[in-house]
Amino acid sequence: MPRGRKSKLHAREKRRETHGQPQDLTGPQVTAEKEEESRSSSTSSAVCRGARRRSSDSSVPQESQGTSPTGSPDAGVSCSKSDVAAKGQDEKSLGTSPDASVPPETQGASPTGSPDADVSGSKSDVAAKGQEEESISPSIRNAFFTTTDRDPLNRKASKMVQFLQEKFEKKESILKADMLRRVRRQYKPCFPEILKRTSERLAVVFGVELKEMDSSGESYTLVSKLGLSSEGSLSGDNALTKSGLLMSLLSLIFMRGNRATEQEVWEFLGELSIYDGILHSIYGDARKIITEDLVQDKYVVYRQVPNSDPPRYEFLWGPRAHAETTKMRVLRVLAEINKSSPGLYPHLYEDALKDEVERALRLRD
């Protein structure tokens, strides 16, 4: 071979090496396939890496109870098998209990439903609980409104919540296969993370948990985070919307010393963009739900404040709420949302613990 031609071939090979072109690939079709594969792989990796970075700063509530498919509340976002395994280890170390917006108070939750049975009267206790409530409310708001449009996984989790709500309201089976079909191919590696964020939103917005129905992990159901009866708050029309408002209402009553004025309730709901007299995109007519539906179901008591002039109204836990859930259960869910533990809210924890003891003593009598 002439020297000049040999030099040109050598230079061409050098250029291929410099540009990272494998010499065993020939033809434009093979090259295009490799480029497409590379783009697809890098896109999925970038999405998951981006989600991981964003979730480290996120204040979305985390869940970790029962056979929840979402992993540990404190685990970072990840789509890798090793990260999922790590989440499982973290989950075992967390003892959580269902519910999302927890209230405080402790003078014995009367199972008989007497409105005055457990109303706290200590001004110092009320003040201390007020301080703890101030540390709780921002986390509830952040958890409720974590819908960053720039995060594709958050957008897909929000759409998945809507899908599951429709399934539940129609009493249709919730299958993993149906959920997977709603996720584009490039996001399928991140399906566990999407499911985790979906479950977090279900807990905060509707007070329910997405749980596996069996060990196969192929079918799911929605259950109350507060342990409320499926024949109660999760039955009938608009079951999920009633469940969500009930969770917030019981939580606030607890935090306010076993009773919350109507003004306090609407101020709290207003922080979640739920206003009196304005139909909400998710909850609809909130006033009707909290002053009529939940009252008729005996989950809350809505009454005039004694000796108030002009008349003022307040909310208390109803007999059915006392019978089906506990203050401790509410507090644990609240701590879960705040990625903390019940003991970090000493006055609320003391109230909840006192309630547990009184319940145990009543059962023994």
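Residues numbered from 1 in each chain as written. Predicted model: local features only at pLDDT ≥ 70, side-chain atom pairs only at ≥ 80, totals over all residues. Heavy atoms only, no water.

Caption draft 1: Fine view of the sheet that holds strand 2 (residues 208-212). With antiparallel pairing, three strands are arranged side by side in an open sheet as 1-3-2. Edge positions in the sheet fall to strand 1 (174-175) and strand 2, since each of these pairs with one other strand and no more. (Pairing = 2+ DSSP bridges. Helix = DSSP H or I, 4+ residues; strand = E, 2+ residues; numbered from the N terminus.)

Caption draft 2: Focus on the environment of Glu 324. On the secondary structure map, Glu 324 appears in helix 11 (residues 319-324). Residue Glu 324 is classed as partly exposed on the basis of its relative accessible area, which comes to 22%. Taking the C-alpha atoms as reference points, Glu 324 and Leu 226, 98 residues apart in sequence, are found 8.1 Å from one another. If we skip the residues at most four places from it in the chain, Glu 324 touches Leu 226, Gly 227, Leu 228, Ser 229 and Tyr 299. Only 2.9 Å separates the side chain of Glu 324 from the backbone nitrogen of Ser 229, close enough to count as a polar contact. At 2.9 Å, the side chain of Glu 324 and the side chain of Arg 320 are in polar contact. (Buried < 20%, exposed > 50% of the residue type's maximum accessible area, 1.4 Å probe, protein only. Contact = heavy atoms within 4.5 Å. Polar contact = N/O pair within 3.5 Å; in protein donor to acceptor, adjacent residues only side chain to side chain.)

Caption draft 3: Spotlight on the pattern of salt bridges. Scanning all chains against the criterion turns up 17 salt bridges. The shortest N-O distance in the salt bridge between Arg 181 and Asp 178 comes to 2.3 Å. Separated by three residues within a single helix, Arg 181 and Asp 178 lie in helix 6 (residues 176-181), roughly one turn from each other. Its relative accessible area of 62% is what places Arg 181 among the exposed residues. Under the relative-accessibility criterion, Asp 178 is labelled buried at 16%. A salt bridge links Arg 287 to Glu 262, with the shortest nitrogen-to-oxygen separation between them at 2.6 Å. With Arg 287 in helix 10 (residues 286-296) and Glu 262 in helix 9 (residues 262-270), the pair connects residues that are 25 residues apart, well separated along the chain. Taken together, the salt bridges that share partners define one network made up of Asp 151, Glu 193, Lys 196, Arg 197 and Glu 200. (Salt bridge = Lys/Arg side-chain N within 4 Å of Asp/Glu carboxyl O.)

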